[in-house]
Amino acid sequence: MPAANDAGAQQRAQTEQLAARMPFNSAKAGEHGLQAGLNPEEGDTADAPSRLPTASTLSEANGSDKTGSMAVEGLNATIETLDRVRADGSGRPLTTNQGVLIADNQNSLKDGLRGPVLLEDFILREKLTHFDHERIPERIVHARGSAAHGFFEAYESLAELTRAAPFKEAGKITPVFVRFSTVAGERGSKDTARDVRGFAVKFYTDEGNWDLVGNNMPVFFIQDAMKFPDLVHAVKPEPHHAMPQAASAHDTFWDFVSLMPESTHMLMWVMSDRAIPRSLRTMQGFGVHTYRFVNAEGASVFVKFHWNPKAGTHSLVWDEAVKISGADPDFHRRDLWEAIENGAYPQWELGVQVFTEEQAEAFSFDVLDATKLIPEEMVPVRPIGRMVLNRNPDNFFAETEQVAFCTANVVPGIDFSNDPLLAGRIHSYFDTQLSRLGGPNFHELPINAPIAQVHNNQRDGMHRQAIHRGRVSYEPNSLAGGCPFQAGAAHGFVSVAARLNASESQVKVRAKPEKFADHYTQATLFYESQTPAEKAHIAAAFRFELSKVTVPAIRERMVASLRNASEELAAQVAAKLGIDPLPQPMPRAIDTPARPEVSSSPALSLMARPGDGSIEARKVAVMVAPGAHARSLLAVRDALLQQGAVPRFVGPHVGPIPAADGQSIDAEASFENEPGFLFDAIVLPDGEKAAQALVGDANLMDSVRTVYRHCKPMLALGTGAQVLGEAGIPQGDDPALVVVDAVQLDGGIERFVKAIGAPRRFERETDPPRV
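Residues numbered from 1 in each chain as written. Predicted model: local features only at pLDDT ≥ 70, side-chain atom pairs only at ≥ 80, totals over all residues. Heavy atoms only, no water.

Caption draft 1: Fine view of the packing of helix α16 (residues 630-642) against helix α20 (residues 746-757). Where α16 contacts α20, the axes come no closer than 11 Å and their chain directions differ by 45°. By the angle between their directions, the pair α16 and α20 is classed as oblique. α16 and α20 meet at a crossing whose hand is right-handed. Taken together, the residues of α20 that come into contact with α16 (itself represented by Ala 635, Val 636, Ala 639 and Leu 640) are Ile 749, Phe 752, Val 753 and Ile 756. For the contact of α16 with α20, the per-class residue count stands at eight nonpolar, no polar and no charged. (Axes fitted to C-alpha atoms, helices over the stretch in contact; angles between N-to-C directions. Helix = DSSP H or I, 4+ residues; strand = E, 2+ residues; numbered from the N terminus. Parallel < 35°, antiparallel > 145°, perpendicular 65-115°, else oblique. Left-handed = near helix turned anticlockwise from the far one by under 90°. Contact = heavy atoms within 4.5 Å. Nonpolar A, V, L, I, M, F, W, Y, C, P; charged D, E, K, R; others polar.)

Pasting the structure below:
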């Protein structure tokens, strides 16, 4: 027996006792056979006599202001809230990164007043060196992003379907961090480009992080990850002159997709108004791929995820998107930030389409094909919870830029399907973060760290933050009592063993299932499910994009492909491209595709998702000019404020504008610096003098015409109707064009508010525009 004061001898003796408690690896026998693979056992553990055997050093009890105390047993102290890394310099003097107070932050250290700067100036060197390295490589795709914190609340327990932590009980709250992004543009590109939008949600569950990394469209261009580099290379700026930025209207993209008929369905979505959302708050999100729900008994079903905005799904029109990109490239980022700052917290409802393997086999399409969706008429979307974004990041770089989403991040209860595109993403996302964030420890960056405890035998690497106690970094072990130990099937993640067909797991082959060969049926479904206005937008988008293509053969090839999706659409596109006669339809990969279950799905139209009609956070330009009647304008403003809208007085200049009754109205913006197309609706004032001033202002008149062409609501008070007439705007049966007597306001304001909360009046559109 070692002496009580001989700590080293006690450590050696107790280490021997601990190791002796595990004479062999009793779990080894459980590693073999099919059933063992389906139901792994919990690993061996043994309790240590004290904390001595597992210590790194006998001196660990000697604390200081830096080392603190001994490690808390069973705790990874790096896993805490972000409060542990927030910094506030209020009332504090400047220091170096080593904590040395800086006496002079204005001047370099020189050899005399006019002498050379000295190399020994470590303050200057540290400051410049850090500045020189402040940027990290941007993402290859999804570089342009905006993000926010929030929470997910489950409506009910989904225990019968999945053991996933966020869905275990009704009312359960899970913190989330959500990043929205464009795909093709660089970090400094514009928000309103025609593009797919990323919709990535990081769930900080109490069983680890789950990243649901999706888009605002439910399908994709390709079916296999093997083609992903080709797709991105084709859509990115052309390598010989690095143009165009954040746009797909160029030769290489359309050359590629015209040779990839499986992209046709996705092209319908990208050429629709879905690719130019009105805001990040008003776009859907989709998981894209087929995943699996797995319950506590190991039974699994297939699932697809849908995020539906409570405010409805809304878009811009193309001319509006182009103009906004010039006036405010940060339009979507600003809108999201300001909505949260003003307490108008964006909300989405999470819905799922759940179906069995037997149902999937009976579908006319393959659920493993990312170019296909499941019409809601076949499998309804079941609402299972809501997500609220209620906090903006404290620091864009530390949170929005450094956040790392990985498709591979799943928790028990969520598993993958055999989707070949998903398989590539599981690898690629993690691999990308390794180079972008400087090494394998990016998970320790505060924004990426889970709220669940992290304990494993991974060690070292660049930028390692955790300081692990003890000498054991392997499993199995006995020197640490087997810890950290294998969790086993009862608690840990186990991949689902089931496959669609048993034969699929018998041979490895580079091929696709036969149903993958149907490239057009769902493209037709999407197009035929749109309203006439949306169909016109799709045709206009194809015409614009393809008119930028300089190789005629590519244009014709794309039209030939479109003939397989819609003869109507192909003819409209060809007419504007000067293609006559129509080229022969592109040969199909399959001569007789399966008959689709659904030929029209109204749920695919934006018009089916108007939201609840509220106008919260909608921006309204209340136009003002000298001689305007202040009473009616103030009444309109107050009514809009009561509805949660954001009215803004806009005049010929900022500052006080004299009104007709001796008052003045303070204009917050001018016709020049905030054109009408930046707003959701506009109000024209009453007053003869004001009307004359507005008619004489080209900026204002251009805004009025543009807002009309963009199909947005307009309210003209009294003589404000004269402005509409001078702008050439017809005043017929148009519910979104409200003209009222400036004295009798109530009914007019009510109609105006209703028009703002309703879908756009696309009936105004003509091709070409007449206003």
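The discussion continues.
Caption draft 2: Spotlight on the pairing of strand β17 (residues 714-717). Residue alternation in β17 divides its side chains into two sets, Met 714 and Ala 716 and Leu 715 and Leu 717, and both sets are buried. Relative to β17, strand β16 (residues 681-684) runs parallel, the two sharing three bridges. Bridging from a neighbouring strand, Ile 682 pairs with Met 714 of β17. Considered for its hand, the β-α-β crossover made up of β17, helix α19 (residues 720-726) and strand β18 (residues 737-740) is right-handed. (Buried < 20%, exposed > 50% of the residue type's maximum accessible area, 1.4 Å probe, protein only. Pairing = 2+ DSSP bridges. Right-handed = clockwise from strand over helix to strand, strands pointing away.)

Caption draft 3: Summary view of the nonpolar core. One finds Leu 633, Leu 640, Val 683, Val 704, Met 714 and Phe 752 to be the most contacted residues of the largest nonpolar core, which totals 58 residues. Once you skip the residues sitting within four places of it in the chain, Leu 640 turns out to touch Ile 615, Val 620, Ala 645, Pro 647, Phe 752, Val 753 and Ile 756. Counting residues in each nonpolar core, the second largest holds 55 residues, with Val 235, Leu 373, Ala 523 and Leu 562 among its members. (Core = buried A, V, L, I, M, F, W, Y, C linked by side-chain atoms within 4.5 Å.)

Caption draft 4: View of helix α13 (residues 532-547). Given a rise of 1.5 Å per residue, 16 residues ought to cover 22 Å, and the 22 Å separating the end C-alpha atoms of α13 matches this to within 8%. For α13, every residue scored as buried is listed here: Ala 533, Glu 534, Lys 535, His 537, Ile 538, Ala 539, Ala 541, Phe 542, Arg 543, Glu 545 and Leu 546. Close packing links the buried residues of α13 with α5 (251-258), α6 (264-271), α12 (521-528), α14 (552-562) and α15 (567-577). (Expected span 1.5 Å × (residues − 1).)

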